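Examining the three-dimensional arrangement
Okay, here's what each chain looks like letter by letter:
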Amino acid sequence: MLILIEVAAIIAFAVSGLIESVRHRMDVVGVFTVAFVAAFGGGTLRDVLLDRRPLFWVQHQEYVWLVMALTLIGPPLLGWMRHRWVDRLMQATDALGLGLFAVSGTALALAAEMPLIVAVLLGVVTGVFGGVLRDLLCNRIPVIFYDHRPYALCAFIGCWVFVGLDWLGLEDWQALMAGVGAATGSRLLAVGLDWRIPPWPRESSVD
Amino acid sequence: MLILIEVAAIIAFAVSGLIESVRHRMDVVGVFTVAFVAAFGGGTLRDVLLDRRPLFWVQHQEYVWLVMALTLIGPPLLGWMRHRWVDRLMQATDALGLGLFAVSGTALALAAEMPLIVAVLLGVVTGVFGGVLRDLLCNRIPVIFYDHRPYALCAFIGCWVFVGLDWLGLEDWQALMAGVGAATGSRLLAVGLDWRIPPWPRESSVD
Amino acid sequence: MLILIEVAAIIAFAVSGLIESVRHRMDVVGVFTVAFVAAFGGGTLRDVLLDRRPLFWVQHQEYVWLVMALTLIGPPLLGWMRHRWVDRLMQATDALGLGLFAVSGTALALAAEMPLIVAVLLGVVTGVFGGVLRDLLCNRIPVIFYDHRPYALCAFIGCWVFVGLDWLGLEDWQALMAGVGAATGSRLLAVGLDWRIPPWPRESSVD
């Protein structure tokens, strides 16, 4: 079950890289690299910061083949993917992946005896930095930095829920489920109700 | 005393991230990330290259909270910060932070038995790469690469002064003070006298 | 002999950084940084991902001095470099460096007991990510992602040739020579015959 979610999340993240790279008219090298970085960049950065080896995609080389296959079969399907119910399915999967990656990142950081705030930040990094690096490779300001929609914040909330319940003495898998639920649920709510982060500062004082 | 300088330097670096990110109209996620990277990016890159753990901001989690607090209280104050004597104070603090971070980075690299030139370069990286990564996240060419004002060069000089005095057999803290003084002093002079790095090559031969 | 090729390859990679940075009118700090990253970025990223120390340029500090010397003497010569037979020589050296770096990167990854596909990818990263990071520092989409000319693909082929012959039981140096030959040869052919990677998908379906 968890593996199914993981595969679905990796596909959702990789496809976000496919869409972005095809939009920039990249060739097969660019499409693969951007999809790969979108899928594995967050976890890789976390592992480098934690000095943890082997890396996630080294341990699961089948996921590398998965992204290669997506690079080859994905692009012609993208037009089809953006219409219809596929788009909704992708957003749900992305929200699930965000929660799963973020909370499991926090769990790994806690296991490495990081302080709470650091573990939470590394969890958020795991969930969102694939997208940040994807945007940097495409020469854009990372979209989660300025689109005023809760994404990293949902991961942040989910990681605190996990950390809090873990501290209260719940069993690991219960705290994990609750954390993933909080992150994914708040993200789905935010998308469904079109929540916005208020501008800060209210009017821009620096220009 | 050293801790006071360190805190002041982290604030100065983080505020440079605040200014840059607010100018790009980022939301709270972007503002925090850019401020965090501006404050800790250089030291983190040095530690990753040296394979040194725990990272600076993992060891001092209070600094992470400090940047969070700055993200919340900073942006509305930015307009006020850019007028008046605050601007001057910030430049002095930034110069002090540049020297302190660069020379202590070199000292750490020497302690890890790096060759001299590598230790000096890692010192400069510690001092200036927070700003480089800040600019990359904001999708700009790093300002220290093209503004023709001595910044990285001042750190470079300070690191060599430290390395030279250390080699001459001075005590650690004396060499450190002299190195920080050389870097900070030359930076303040460069700002005060408006020094420029001459263009190189004299006329551009590649277009 | 190998050392001669290595030095020539580092010069070719560093000069690509010089050209790019001078074109963006950077000062001496930017020119050195971009040249350094173009020369050593790929190998450094590989070593960080493999958690391998000391880094290549820490072990061979003479190469750091080489890039410093190039930064000082290179820019005025760039106009001269781009005309005449020098340009061709540079392309040949670059192709040789691509093959040498990629295949030796794969060999190092295999020695670290990475799975085949990961070793091949790390080889390609060694060969091409210096250029990717160079372009990111210059605020461009990495040229190998969209120029539809085989570059990373040639490294990819050469690494597979090396891995395949190694698996067949050939001696190390024979497999290495064949791999470098395949990568360099296919790159030279691609340049000479002006091969293109077909667009993928055929017409863009996402806009």
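Numbering of residues begins from 1 in every chain and follows the order in which that chain's sequence is written. Lettering for chains starts from A, numbering for ligands starts from 1, and both go in the order in which the items are written. Totals for whole chains, interfaces and linings use every residue, but because this is a predicted model, local features are given only for residues with pLDDT of at least 70 and side-chain atom pairs only at 80 or more, for both listing and counting. Water and hydrogen atoms were dropped before computing side-chain values, which therefore reflect all heavy atoms in the structure.

Side note on the overall build of chain A
Put simply, DSSP H or I for four residues or longer makes a helix, DSSP E for two residues or longer makes a strand, and each gets a number counted from the N terminus. Counting its secondary structure elements, chain A contains 9 helices and 0 strands. Ordered by position from the N terminus, the helices and strands of chain A form the series α-α-α-α-α-α-α-α-α. Note that the radius of gyration is over C-alpha atoms, with the globule rule given as 2.2 Å times the number of residues to the power 0.38. What you see for chain A is a C-alpha radius of gyration of 17 Å, in line with the 17 Å of a compact globule of 207 residues. With respect to the principal axes defined by its C-alpha atoms, chain A has extents near 50 × 50 × 35 Å. The cut-offs for exposure are 20% and 50% of the maximum accessible area for each residue type, with area from a 1.4 Å probe on protein chains only; residues under the lower value are buried, those over the upper are exposed, and the others partly exposed. The 207 residues of chain A split such that 55% are buried. Long-range contacts, defined here as pairs at least 24 residues apart, represent 72% of the contacts in chain A between residues at least 6 apart. Where accessible areas are quoted, they stem from the Shrake-Rupley method and a 1.4 Å probe; at the residue level, only the protein chains shown are allowed to cover. Surface accessibility of chain A: about 9000 Å² in total, with carbon and sulfur atoms responsible for 67%. Throughout, a contact is declared for two residues whenever any of their heavy atoms are within 4.5 Å.

Some points on the relation of the copies chain A and chain C
For the pair of chain copies, the relating transformation is a rotation about an axis with a translation along it. To superpose the copies, least squares is applied to the C-alpha atoms of every residue with a pLDDT of at least 70 in both. With an RMSD of 0.0 Å, the fit of chain A onto chain C corresponds to turning through 120° and sliding 0.0 Å along the axis. The transformation just described matches what one would write down for a three-fold rotation axis. Closest approach to the rotation axis within chain A is made by the C-alpha atom of A:Asn139, at a distance of 3.8 Å. When the interface residues of chain A are mapped onto chain C, a mere 11% of them again fall at the interface, so the copies present different faces.

Structural notes on the confidence of the model for chain A
One confidence number per residue, pLDDT, is output by the predictor and ranges from 0 to 100. Across chain A, the average pLDDT comes to 85, with 92% of residues at or above 70. The ipTM assigned to the predicted complex is 0.87, against a pTM of 0.90.

Description of the relation of the copies chain C and chain B
For the pair chain C and chain B, the best superposition has an RMSD of 0.0 Å and corresponds to a rotation of 120° with a translation of 0.0 Å parallel to the axis. Little of the interface of chain C is mirrored in chain B, where only 11% of its interface residues are also at the interface.

So, the interface of chain C and chain B
Contacts between the two partners involve 36 residues from chain C and, on the opposite side, 34 residues from chain B. Summed over both partners, buried area is the accessible surface (1.4 Å probe) that two parts give up on being assembled. Counting each side, the surface lost to burial between chain C and chain B is near 2900 Å², with a carbon and sulfur contribution of 70%. Each reported salt bridge corresponds to a side-chain nitrogen of Lys or Arg within 4 Å of a carboxyl oxygen of Asp or Glu. Connecting chain C to chain B are 0 salt bridges. Here the side of chain C that touches chain B takes 9 residues from helix 2 (residues 28-50) of chain C, the largest share from any one element. Under the scheme applied here, ten amino acids are nonpolar (Ala, Val, Leu, Ile, Met, Phe, Trp, Tyr, Cys and Pro), four are charged (Asp, Glu, Lys and Arg), and all others, including Gly, are polar. Here the residues of the side of chain C that touches chain B sort into 22 nonpolar, 8 polar and 6 charged.

Thoughts on the environment of C:Leu165
All names here are of chain C. By the element assignment, Leu165 lies in helix 8 (residues 152-167). Exposure remark for Leu165: the relative accessible area of 21% places this residue in the partly exposed category. When residues no more than four places from it in sequence are discounted, the contact partners of Leu165 are Leu170, Ala175 and Ala178.

Some words on helix 4 (residues 61-73) of chain A
Residue and element names in this part refer to chain A. By this rule, a helix spans an expected 1.5 Å times one less than how many residues it contains. In this model helix 4 runs 19 Å from its N-terminal to its C-terminal C-alpha over 13 residues, within 8% of the 18 Å that 1.5 Å per residue would give. When helix 4 is considered as a whole, its buried residues turn out to be Tyr63, Val64, Val67, Met68, Leu70 and Thr71. Seen from one end, helix 4 has its buried residues packed into an arc of 160°, which puts them on one side. Set apart from the buried face of helix 4 by more than 90 degrees, the exposed residues are Leu72 and Ile73. This arc corresponds to the set of directions leading from the helix axis out to the C-beta atoms.

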